[in-house]
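Chains, contacts and geometry: an overview
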Amino acid sequence: MADEGSFEEIGMFVERRAAEFGMDLRRAPGDGVVTGFGTVNGRPAYIYAKDFTVFGGSLSEAHAQKITKLQDMALANRAPVIGLFDSGGARIQEGVAALAGYGEVFERNVLASGVVPQISLIMGPCAGGDVYSPALTDFIFMVKDTSYMFVTGPDVVRTVTNENVSAEELGGASIHTVKSAIADGAYENDIEALLQLRRLLDFLPLSNVSGVPEWPSFDDPLRAEPSLDSLAPEDPAKPYDIKELIAKIVDEADFFEIQAAFAENIVVGFGRLEGRTVGLVANQPLVLAGTLDCDASRKAARFVRFCDCFNIPVVTFVDVPGFLPGAAQEYGGLIKHGAKLLYAYGEATVPKVTVVTRKAYGGAYDVMSSKHLRADVNLAWPGAQIAVMGAKGAVEIIFRAEADDREKIAARTREYEEQVLSPFVAAERGYIDGIILPRETRPRIIRALRMLQGKRIENPWKKHGNIPL
Ligand code: HXC
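Remember, predicted model here, so these are calculated numbers, not experimental data.

Right, let's talk about the packing of aromatic side chains for a bit. According to the stated counting rule, one finds 13 aromatic pairs in the structure shown. In this structure, R272 is placed above the aromatic ring of F203, and the distance from its NZ or CZ to the ring centre is 3.9 Å.

Attention now moves to the side chain of K299. With respect to the helices and strands, the residue K299 is situated in helix 9 (residues 294-309). For the buried K299, no salt bridge exists, and the shortest N-O distance to an oppositely charged side chain is 4.8 Å, to E257.

At a minimum axis distance of 9 Å, the contact between helix 13 (residues 391-398) and helix 14 (residues 406-421) shows a crossing angle of 115 degrees. Handedness of the helix 13/helix 14 crossing: right-handed. Contacts from A391, A394, V395 and I398 in helix 13 reach I409, R412, T413, Y416, E417 and L421 in helix 14.

Attention now moves to the pattern of salt bridges. Oppositely charged side chains may form a pair once their charged atoms are brought near each other. Under the counting rule described, the total for this entry stands at 28 salt bridges. The partner of D72 in a salt bridge is R108, and the shortest N-O contact between them spans 2.8 Å. Taken together, the residues D72 in helix 1 (residues 61-77) and R108 in helix 2 (residues 96-112) connect sequence positions 36 residues apart. Owing to a relative accessible area of 36%, D72 belongs among the partly exposed residues under this scheme. Shared partners join several salt bridges into a network, and the residues in it are D219, R223, E225, D251 and R442.

Below, the discussion takes up the nonpolar core. Burial of nonpolar side chains together is a common tendency in soluble globular proteins. With 60 residues, the main nonpolar core has F141, F270 and V281 as its most contacted residues. The element best represented in this core is helix 9, accounting for 7 residues. In this structure, V267, L273, L280 and L379 belong to the second largest nonpolar core, which totals 27 residues.

Moving on, we get to the site of the ligand. G56, G88, A90, I92 and G129 are the nearest of the 19 residues found near the ligand. One of the backbone N or O atoms of G56 is found 3.1 Å from an oxygen atom in the ligand. Take G129: an N or O atom from its main chain is 2.8 Å from an oxygen atom of the ligand. Relative to its free-state accessible area of 1000 Å², the ligand is covered by the protein chains to the extent of 55%.

The subject of this paragraph is the pairing of strand 3 (residues 43-50). Where burial is concerned, most of strand 3 is hidden: 6 out of the 8 residues are buried. Bridge count between strand 2 (residues 33-40) and strand 3: 8 bridges; the pairing is antiparallel. Across the sheet, residue G36 finds its bridge partner in strand 3, namely I47. What sits between strand 2 and strand 3 in their antiparallel hairpin is a turn of 2 residues, with N41 showing a positive phi close to 50 degrees. When strand 3 meets strand 4 (residues 81-85), the two strands line up parallel, connected through 4 bridges. What sits directly across from A49, in strand 4, is L84. Note that the unit made of strand 3, helix 1 and strand 4 has a crossover that is right-handed.

Turning our attention to the sheet that holds strand 4. Spatially, 7 strands are ordered 1-2-3-4-5-7-9 in an open sheet, and the strand pairing comes out mixed. Across the chains shown, the open sheet's two edge strands, defined by having one partner strand only, are strand 1 (8-10) and strand 9 (185-187). Strand-to-strand twist in this sheet, taken as the mean axis angle between neighbours without regard to direction, amounts to 25 degrees. Strands strand 2, strand 3, strand 4, strand 5 (118-122), strand 7 (139-143) and strand 9 of the sheet are contacted by helix 7 (residues 190-203), whose axis makes an angle of about 170 degrees with strand 5.

Conventions we followed
- Residues numbered from 1 in each chain as written.
- Predicted model: local features only at pLDDT ≥ 70, side-chain atom pairs only at ≥ 80, totals over all residues.
- Heavy atoms only, no water.
- Phe/Tyr/Trp six-rings, centres within 6.5 Å; stacked < 30°, edge-to-face > 60°.
- Lys NZ or Arg CZ within 6 Å of the ring centre and 35° of its normal.
- Helix = DSSP H or I, 4+ residues; strand = E, 2+ residues; numbered from the N terminus.
- Buried < 20%, exposed > 50% of the residue type's maximum accessible area, 1.4 Å probe, protein only.
- Lys, Arg positive; Asp, Glu negative; His and termini not counted.
- Salt bridge = Lys/Arg side-chain N within 4 Å of Asp/Glu carboxyl O.
- Axes fitted to C-alpha atoms, helices over the stretch in contact; angles between N-to-C directions.
- Left-handed = near helix turned anticlockwise from the far one by under 90°.
- Contact = heavy atoms within 4.5 Å.
- Core = buried A, V, L, I, M, F, W, Y, C linked by side-chain atoms within 4.5 Å.
- Near = heavy atom within 4 Å.
- Polar contact = N/O pair within 3.5 Å; in protein donor to acceptor, adjacent residues only side chain to side chain.
- Areas by Shrake-Rupley, 256 points an atom, 1.4 Å probe, with all protein chains shown as cover.
- Pairing = 2+ DSSP bridges.
- Right-handed = clockwise from strand over helix to strand, strands pointing away.

Here it is in structure tokens:
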């Protein structure tokens, strides 16, 4: 994980204190966790790794104290904490001392949240507190086929509920990156996972006061991308891949996607512009026409909040026909989940640049980093359509009496497109700051972000807000 030769281990002689159940006969220096600090591509990081070969990597009182010491150091020195997990949870022989140890770790996870990035990599079977502590961190990654996360393992599940499930079915990467969204990504093997974690860290600030990292970039900030002029088909019903836009906008096409396999109707992740990190959020017309549903809303909300915590500017690409209608969505809490995204954008004080590439309909227009949620620079491509709904649906409702007259309906549709949908209507009111050629998107965002580098706005004082969880 750390740069070669940079890792300094601390606490290697720490031993467990419990003597019950024959523990006094088993010596294990380090007590099942390696803790220390080092650098990742030259930047500091505090790292701990569970050792499954020692009491299943389980957490004892002493083991917990090693971790909390490291968490305290990371917080005091404002640098990320990385945990590598492979552990059976609380050390069963230690009882409440182990539970107390977890409580101390959890509390520090909470206090460090939003101050230093915390990242968890799940590298083996993990249960109990060793899934709850990762759950309090910013990102969780897993290794495919060899790592599992569950509160209670398959044996306990069988005893209590009579369900026969394998470890993979209960908590493998295939579940947590696709269904539960507990994990943010999964990799083929340990080495790839560690390398990708290093790549992610290169995007992240060291803390909430450090500012984003700056890496040398050889990508021309003024680079125009003529192929973007034909990316979004004129027919609003035809999809295109929004990831193509992202790849063509960010430096060297380097995009680190978060939760790629979950709620694919929205794409979130990190890229760089002029060598500085930005968070990207984009509706994906290829999946569910890019609608916002429960999953997409909470995925993007969490991402926007992460960016806001760590002062990472947010760039949003909008092509959204609205919220996904249906009983399943309403029963699933669409109102509350949609409100999460609204809240996240509304409270964010980081620089926010928004580009409407095509549709921005209904409440989803407001939600997706609109001017009304204090976005700083809102741009639109010439083919953008901004309104309560698309022309066809609108004409069907307001000219219902003329529904049988196809010619009249066609004329009304054209009228609606020109008078209501056109991005110039929003631009006249100042809700859109500029209509830009798609090919100019990268330089226009870069220029906006340059001007926003000194942005400082403050929300009204409060203890903390009450995001609709
Ligand atoms: C002590 C443990 C242990 C534990 C595993 N071991 N978990 N020792 N405390 N929690 C030991 C085993 O006894 C065994 O020791 C060795 O580690 C390897 O374990 P195996 O079971 O052989 O490995 P495997 O088959 O891979 O199964 C891994 C596992 C399973 C799925 C994690 O060990 C398991 O279910 N463990 C218990 C999980 C659990 O219920 N933990 C408590 C959660 S409560 P030997 O000597 O035989 O090699 C909790 C509270 C936190 O964490 C509060 C949360 C809010």
